Amino acid sequence: MNTPSQPGQERPVPELSVIVGERRQLINLAYRLLGSLAEAEDAVQETYARWYALPRRQQEAIASPGAWLTTVATRVCLDLLGSARARRERYVGEWIPEPLPDRSEWIGGPAGGSGGPADPADWVTLDESVSMAFLVVLEAMTPAERVAFILHDVFRYPFPEVAGIVGRTPAACRQLAASARRRIRAAQAPATPTGAQAGLVRHFKEAWEARDITALIALLAPDATMTADGGGLAGAALRPVRGGERIAQYLVHLADRAPGLTLLERTVNGRPGLVARHGGRTATVAAFELADGRITRIWAVRNPEKLRPWTEDDPRDG
């Protein structure tokens, strides 16, 4: 426990609850920086390992443990982002950020409600900064752009603080964030109200279940793109499927090959999406981007290593 410090003494070591209380913020930051819940967990674990490895006197000398933890977590993420590019060049097929369910829809989630969150997915605040479209744009940024933008525009850190964290000048960080902002604007589709997206996704689900190619084509933009991520662990197209007609044919072919496929409307990264379940297990989590009343992008995650919060038996299936 903390004890009052006497004149001339160092600050007391922060209480464990204070340090652990920073975990939600760190998971939120690391997931947005890395696009992977598993990597975010690793980054936060490494951050805490560094804190607990500090001698007691150094811990006492840290004025703001929260700021210290944020700085270390960000630097760990920067290192991971640098190495991730090389790893993703060796990745089998396309790499898509790890999808997250809404807390209320998380399979095997916090039923019963006692104790803390049972899974790190439950720590992530779902808003526009974790939509799949947003995370995909972040993937195209340099690590420095991504960090400067997330810290300043999403978490509202002033540029002098961002500079201290990433080791650049405030002016350089301001330029990095501005560059990232331009990328976001260039790639961003007009916002679609959640209700409208939910309705379109529902119609898409019904057309897919009916194997109605004509209806699917009508719901897809002519230049729509579907990107799948199997990671070499699940069957998936290795390259994006382009064109509404080709996507519709591909989806019907998939349904024909998987009799008993069940489609469920679920929230994926804060937006209406679909979950495909086969044999009682989640096979695919799909996120959508819409424009002008049609689906323009589909991101289908099939890599089972990215579907941990979605993979338990869902009581709603029965």
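Residues numbered from 1 in each chain as written. Predicted model: local features only at pLDDT ≥ 70, side-chain atom pairs only at ≥ 80, totals over all residues. Heavy atoms only, no water.

Asker: Quick rundown of the nonpolar core? Include the residues and the values.
Answerer: With 48 residues, the main nonpolar core has Tyr31, Leu33, Val124, Leu138, Phe149, Ile150 and Leu151 as its most contacted residues. Contributions of two or more residues to this core are made by helix H2 (23–34), helix H3 (37–53), helix H5 (65–89), helix H6 (132–139), helix H7 (143–154), helix H8 (159–166) and helix H9 (170–187). The element that contributes the greatest number of residues to this core is H2, accounting for seven residues. Sequence-distant contacts of Leu151, defined by excluding residues within four places in its chain, comprise Leu29, Thr74, Arg156, Tyr157, Val162, Ile165 and Val166. Phe204, Leu220, Ala221 and Leu251 belong to the second largest nonpolar core, which has 26 residues in total. (Core = buried A, V, L, I, M, F, W, Y, C linked by side-chain atoms within 4.5 Å. Buried < 20%, exposed > 50% of the residue type's maximum accessible area, 1.4 Å probe, protein only. Helix = DSSP H or I, 4+ residues; strand = E, 2+ residues; numbered from the N terminus. Contact = heavy atoms within 4.5 Å.)

Asker: Describe the packing of H7 against H9, listing the residues and the values that go with them.
Answerer: It is the contact of H7 with H9, at a shortest axis distance of 8 Å, that shows an interaxial angle of 90°. Classified by the angle between their axes, H7 and H9 sit roughly perpendicular to one another. Contact residues: H7 offers Ala144, Glu145, Ala148, Phe149, His152 and Asp153, while H9 offers Cys173, Leu176, Ala177, Ser179, Ala180, Arg181, Arg183 and Ile184. For the contact of H7 with H9, the class distribution of residues is eight nonpolar, two polar and four charged. (Axes fitted to C-alpha atoms, helices over the stretch in contact; angles between N-to-C directions. Parallel < 35°, antiparallel > 145°, perpendicular 65-115°, else oblique. Nonpolar A, V, L, I, M, F, W, Y, C, P; charged D, E, K, R; others polar.)

Asker: Would you mind going over the pattern of salt bridges in detail, with residue names and values included?
Answerer: Applying the stated criterion across every chain, the model contains 13 salt bridges. The closest approach of N and O atoms between Glu209 and Lys205, which form a salt bridge, is 3.1 Å. One end of the pair, Glu209, and the other, Lys205, are both in helix H10 (residues 194–209), four residues apart, so they sit about a helical turn from each other. For Arg211, the salt bridge identified is with Asp256, shortest N-O distance 2.7 Å. Here Arg211 is found in the loop between H10 and helix H11 (213–219), whereas its partner Asp256 is found in helix H12 (residues 244–257), with 45 residues between them in sequence. The exposure class assigned to Asp256 is partly exposed, which follows from its relative accessible area of 49%. Here the salt bridges do not stand alone but share partners, grouping Glu41, Glu98 and Arg308 into one network. (Salt bridge = Lys/Arg side-chain N within 4 Å of Asp/Glu carboxyl O.)

Asker: Describe H9, and please don't skip the residues or the numbers.
Answerer: Between its first and last C-alpha atoms H9 spans 26 Å; for 18 residues at 1.5 Å apiece the expected length is 26 Å, and the two agree. Residues of H9 that are buried: Cys173, Leu176, Ala177, Ser179, Ala180 and Ile184. Across the axial projection of H9, the buried residues extend over an arc of 155°, all falling on one side. Facing away from the buried side of H9, by more than 90 degrees, are the exposed residues Gln175, Arg185 and Ala186. Against the buried residues of H9 lie H6, H7 and H8. (Expected span 1.5 Å × (residues − 1). Arc of directions from axis to C-beta.)

Asker: How would you sum up the environment of Gly66? Please name residues and give values.
Answerer: Position of Gly66 relative to the elements: it lies in helix H5. With a relative accessible area of 13%, Gly66 lands in the buried category. Through-space distance from the C-alpha of Gly66 to that of Gly21 is 8.9 Å; in sequence the pair is 45 residues apart.

Asker: Before we move on, could you go through the pairing of strand S6 (residues 294–301) and cite the residues and values that matter?
Answerer: The element S6 is extensively covered by neighbouring structure, given that six of its eight residues are classed as buried. With six bridges connecting them, strand S1 (residues 220–229) and S6 associate as parallel partners. Bridge pairing links Leu220 to Ile295 in S6. Pairing between strand S5 (residues 281–291) and S6: seven bridges, direction antiparallel. By the bridge assignment, Ala287 is partnered in S6 with Trp299. (Pairing = 2+ DSSP bridges.)

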